[in-house]
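Residues per chain are reported as follows:
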Amino acid sequence: FSQEGGPRAGTAGGRQQQRPGGPGAGRSPLDQEAEIELTLEEVAKGTVRTLQISGPQVKTKTIEVKIPAGVRQGSKIRVPGEGAKSPVNNASGDLYLRVKIKAHPEFSMEGDNLVCNVTISPAQAVVGKEASVPTLDGPVKIRLPAGTQNGRMLRLRGRGMPKLKAADRGD
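Residues numbered from 1 in each chain as written. Predicted model: local features only at pLDDT ≥ 70, side-chain atom pairs only at ≥ 80, totals over all residues. Heavy atoms only, no water.

Engineer: So what's going on with the pattern of salt bridges? Which residues, and what values?
Structural biologist: Under the defined criterion, the tally for this structure stands at 13 salt bridges. In this structure, the salt-bridge partner of Arg49 is Glu42, at a minimum N-O distance of 2.9 Å. Arg78 is paired through a salt bridge with Asp94; the nearest N and O atoms lie 2.8 Å apart. Taken together, the residues span a long stretch of sequence, with Arg78 in strand S6 (residues 76-79) and Asp94 in the loop between S6 and strand S7 (95-101) at a distance of 16 residues. Taking the relative accessible area as the measure of exposure, Arg78 reaches 49% and is therefore partly exposed. For Asp94, a relative accessible area of 13% gives the class buried. (Salt bridge = Lys/Arg side-chain N within 4 Å of Asp/Glu carboxyl O. Helix = DSSP H or I, 4+ residues; strand = E, 2+ residues; numbered from the N terminus. Buried < 20%, exposed > 50% of the residue type's maximum accessible area, 1.4 Å probe, protein only.)

As structure tokens, this is what we get:
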């Protein structure tokens, strides 16, 4: 590496080298990362997304990516062989899709649990009648305890988000 207009020390052809133990350790310099925005329903049930990939060395191509049910905000989905191509040996890196979950109008996520507000009448709170509660699978009727106070949290077991690689769900 010369000081006369050549690449700076620590780089290879102008591209930053990966250092063992540093950021991106264990990943190829040909790996690429992008963000994918998903709805709460897509995260709950899983989906297949069709993406178009383009780059300086590659013409635009269409790929299908399977998004498993239960992924979480910030998790990464690896798509093997869809990263940058090496100009030397034509090998391809991997594409990593970083998950971003869109805000939902009715629910907020707390880990594997979904939280929503339900409006009831004063009579329903005092007497303890049934109320309809929205879930991702459709509305569910629940029995309110007599004397229910404003702000009280009631739990519907197993009606929340699926857990990644597990059969059960949050509340």
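Don't stop here, the text continues.
Engineer: Go over the sheet that holds strand S3 (residues 32-38), please, and point to the residues and values.
Structural biologist: Strand order across the open sheet formed by 3 strands is S3-S7-S6, with mixed pairing between neighbours. Each having just a single partner strand, S3 and S6 make up the two edges of the open sheet. Within this sheet the neighbouring strands show an average axis-to-axis angle of 30°, counted without direction. Pairing analysis gives 4 bridges linking S6 to S7, with the strands arranged antiparallel. (Pairing = 2+ DSSP bridges. Axes fitted to C-alpha atoms, helices over the stretch in contact; angles between N-to-C directions.)

Engineer: Report on the nonpolar core, specifying residues and quantitative values.
Structural biologist: If you look at the biggest cluster of nonpolar residues, it comprises 21 residues, and the most contacted ones within it are Val65 and Leu97. If you list the elements that add at least two residues to this core, you get S3, helix H1 (40-45), strand S4 (47-53), strand S5 (61-67), S6 and S7. The leading source of residues in this core is S7, at 4 residues. Every residue in contact with Leu97, bar those within four places of it in the chain, is listed here: Ala34, Ile36, Leu51, Val65, Ser75, Lys76, Ile77 and Val79. (Core = buried A, V, L, I, M, F, W, Y, C linked by side-chain atoms within 4.5 Å. Contact = heavy atoms within 4.5 Å.)

Engineer: Summarise the environment of Gly93; cite the residues concerned and give the values.
Structural biologist: Structurally, the position occupied by Gly93 is in the loop between S6 and S7. Of the residues examined, Gly93 reaches a relative accessible area of 4% and is grouped as buried. Taking C-alpha positions, Gly93 is 7.5 Å from Pro29, a pair spaced 64 residues apart along the chain. Filtering out sequence-adjacent residues up to four positions away, Gly93 remains in contact with Leu30, Asp31, Gly81, Glu82, Gly83 and Ala84.

Engineer: Describe in detail the side chain of Ser86, supporting the description with residues and values.
Structural biologist: Locating Ser86 in the fold gives a position in the loop between S6 and S7. Accessibility expressed as a relative area gives 13% for Ser86, which makes it buried. Not counting chain neighbours up to four residues away, the residues in contact with Ser86 comprise Leu30 and Ala91.

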